[in-house]
Amino acid sequence: MTRASDPRPVAIVTGAATGIGWATAQLLAADGYRLSLLDKDGTQARTRAESLGPDHLGLACDVAAETDVAQAIALVLERFGQIDALVNNAGIGDQAAPTIEQSAEAFDRVLQIHLRGTFLMCRAVAGHMLARKQGAIVNLSSIAGMAGIPGRNAYAAAKGGITAMTRSMACEWARDGIRVNAVAPGYTRTALVETLEASQALDTRSISARTPMGRLARPEEIAAVIAFLASDRASYVTGTTIHADGGWLALGAPENTLPPLGR
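Along each chain, residue indices are assigned from 1 in the same order as the chain's sequence is written. For a predicted model such as this one, the threshold for reporting local features is a pLDDT of at least 70, and the threshold for listing and counting side-chain atom pairs is 80 or more; totals across whole chains, interfaces and linings nevertheless cover every residue. Hydrogens and waters are ignored; side-chain quantities use all the structure's heavy atoms.

### Quick notes on helix α8 (residues 219–230)
Our working rule: Strands are runs of DSSP state E lasting at least 2 residues, helices are runs of H or I lasting at least 4, and numbering of each runs from the N terminus. Expected helix span is computed as 1.5 Å times (number of residues minus one). Partly exposed residues are those whose accessible area sits between 20% and 50% of the maximum for their type, while under 20% is buried and over 50% is exposed, using a 1.4 Å probe and protein chains only. The criterion used for residue contact is that any of the two residues' heavy atoms lie within 4.5 Å.
In this model, α8 (12 residues) spans 17 Å end to end at C-alpha, consistent with the 16 Å of a helix rising 1.5 Å per residue. Taken together, the buried positions of α8 are Pro219, Ile222, Ala223, Val225, Ile226, Ala227, Leu229 and Ala230. Of the surrounding elements, those touching the buried residues of α8 are α1 (19–30), β4 (85–88), β5 (135–140), β6 (178–185) and β7 (241–244).

Structure representation (structure tokens):
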């Protein structure tokens, strides 16, 4: 067991078993953090933690369940004695249907995981951070919370809510030494996106053509922004959302004004 007196910082990453969460966990571990990897798939979370080394912890946690969150935070504090950074990455996809065909149950579930989950994790960790007068929280927003994407009602509402909640918490806790920021990724080449691409449910070539940088993000590129906001290098940054989207939100002209791909 790692000693609580170990000087290395401790970070929690939710949704840590795959995609951006896993890329973030790897980068933070390389930066010297001791990691608590939380995921609904506890087996995979533990496997991922073991692959990083003996100083890391993997836990099963449904971030939308208040008891799961409380138990996970208690276990992290029992193991490490402190929490220096929290990355709220856990999320699920939206229902793929026109608005008039969407179910309220599926809508609610997306908000529960993304928005309620972020709130519950922030609230649970903040008590510890407030007592220590230090800490950094990084929430995962999305370009879907900033721009209209037809049909993505629940996901957009959840991510827009996370952006607003990030500002509120940042202002509430700034004078107590806690920074709260968010990252809004654009389309990112995760395993899920590649599966959707293979089934032709997602046209990544059209997405790339619409993106000024001409490609999707790599998970490690989003992780790098998260790691920056969690670190002391961002010591005067709070209440902001960084758009890591390859210029997607900046484009205000038709995409045919962009140079062709692969020129």
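### Focus: the nonpolar core
Our working definition: Here the nonpolar core consists of buried residues drawn from Ala, Val, Leu, Ile, Met, Phe, Trp, Tyr and Cys, with membership extended through side-chain atoms lying within 4.5 Å.
Ile12, Val76, Met121 and Ile137 are the most contacted members of the largest nonpolar core, which has 30 residues in total. Going through the elements one at a time, β1 (10–14), β3 (57–60), α3 (66–80), α4 (104–132), α5 (153–173) and β6 are the ones with two or more residues in this core. The biggest single contributor to this core is α4, with seven residues. When residues no more than four places from it in sequence are discounted, the contact partners of methionine 121 are Ile12, Thr14, Leu38, Val63, Val69, Ile73, Leu86 and Asn88. One finds Ala29, Ala85, Leu140 and Ala227 within the second-largest nonpolar core, a separate group that totals 26 residues.

### Some remarks on the packing of aromatic side chains
Definition in use: In summary, the pairing rule links any two rings of Phe, Tyr or Trp, Trp by its six-membered ring, whose centres are within 6.5 Å, and it sorts them by plane angle into stacked for under 30 degrees, edge-to-face for over 60 and tilted for everything else. By definition here, charges over rings are those cases where NZ of Lys or CZ of Arg is within 6 Å of the ring centre and within 35 degrees of the ring normal.
Overall, the coordinates contain one aromatic pair when judged by the stated rule. Over the ring of tyrosine 155 we find arginine 152, and its NZ or CZ is 4.2 Å from the ring centre. A cation sits over an aromatic face here: arginine 210 above tryptophan 248, 4.1 Å from the ring centre.

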